[in-house]
Amino acid sequence: MITRTEPLLRAIRLALDGDWEGAHQIAQADPGADAAWIHAWLHRIEGDDANAEYWYRRAGRSPAEGSTAEEAATIAASLSGNIAGPG
């Protein structure tokens, strides 16, 4: 059985492996707040800060201030249940 978070974790892996488009497709297909967070992160990677800010708002989160690599680790930890709550 595939959990709800597995595709989102896959999106992170894809983006880190250079498949931004594949990761973006996964994020777009999920209407949830976690997917919106990933969507925001992807637009940070792309350098589209205005679009990223929109997706952070949809996710109920403040824009990240660290590196995109640090944010990827934070998102993955959150999806894995290692940290909680909007940041």
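Let me sum up the structure you'll find in this document. Think of each chain on its own: its residues are numbered from 1, step by step along the sequence as written. Since the coordinates come from a predicted model, pLDDT governs what is reported: local features require at least 70, and pairs of side-chain atoms require 80 or more to be given and counted, while whole-chain, interface and lining totals use all residues. Note that the side-chain values use all heavy atoms of the structure and ignore hydrogens as well as water.

Notes on the environment of W55
Here comes step 1: Numbering of helices and strands starts at the N terminus; helices are DSSP runs of H or I of at least 4 residues and strands are runs of E of at least 2. Following the sequence through the fold, W55 ends up in helix α4 (residues 49-59).
Here comes step 2: Exposure is judged per residue with a 1.4 Å probe applied to protein chains only, and the accessible area is read against the type maximum: over 50% gives exposed, under 20% gives buried, and values in between give partly exposed. The exposure class assigned to W55 is buried, which follows from its relative accessible area of 16%.
Here comes step 3: Contacts are assigned to residue pairs that have any heavy atoms within 4.5 Å of one another. Those residues in contact with W55 that lie beyond four places of it in its chain are A36, H39, A40 and H43.

Structural notes on helix α3 (residues 33-46)
Here comes step 1: The span one expects for a helix is its residue count, reduced by one, times 1.5 Å. Look at α3: 20 Å from first C-alpha to last across 14 residues, which is about the 20 Å you get at 1.5 Å a residue.
Here comes step 2: In terms of burial, α3 is a largely internal element, 10 of the 14 residues being buried.
Here comes step 3: All of the buried residues in α3 are A35, A36, W37, I38, H39, A40, W41, L42, H43 and R44.
Here comes step 4: Those residues of α3 hidden inside the fold are in contact with α1 (6-16), α2 (20-29), α4 and α5 (68-79).
Here comes step 5: One or two positions beyond α3, positive phi appears at G47, with a value near 90°.

Here we look at α5
Here comes step 1: Here α5 is 12 residues long and its end C-alpha atoms lie 16 Å apart, about the 16 Å a rise of 1.5 Å per residue gives.
Here comes step 2: Listing the buried residues of α5 in full gives E71, A72, I75, A77, S78 and L79.
Here comes step 3: Those residues of α5 that are buried lie in contact with α1, α3 and α4.
Here comes step 4: Where α5 terminates, the next one or two residues include G81, which has phi positive at roughly 85°.

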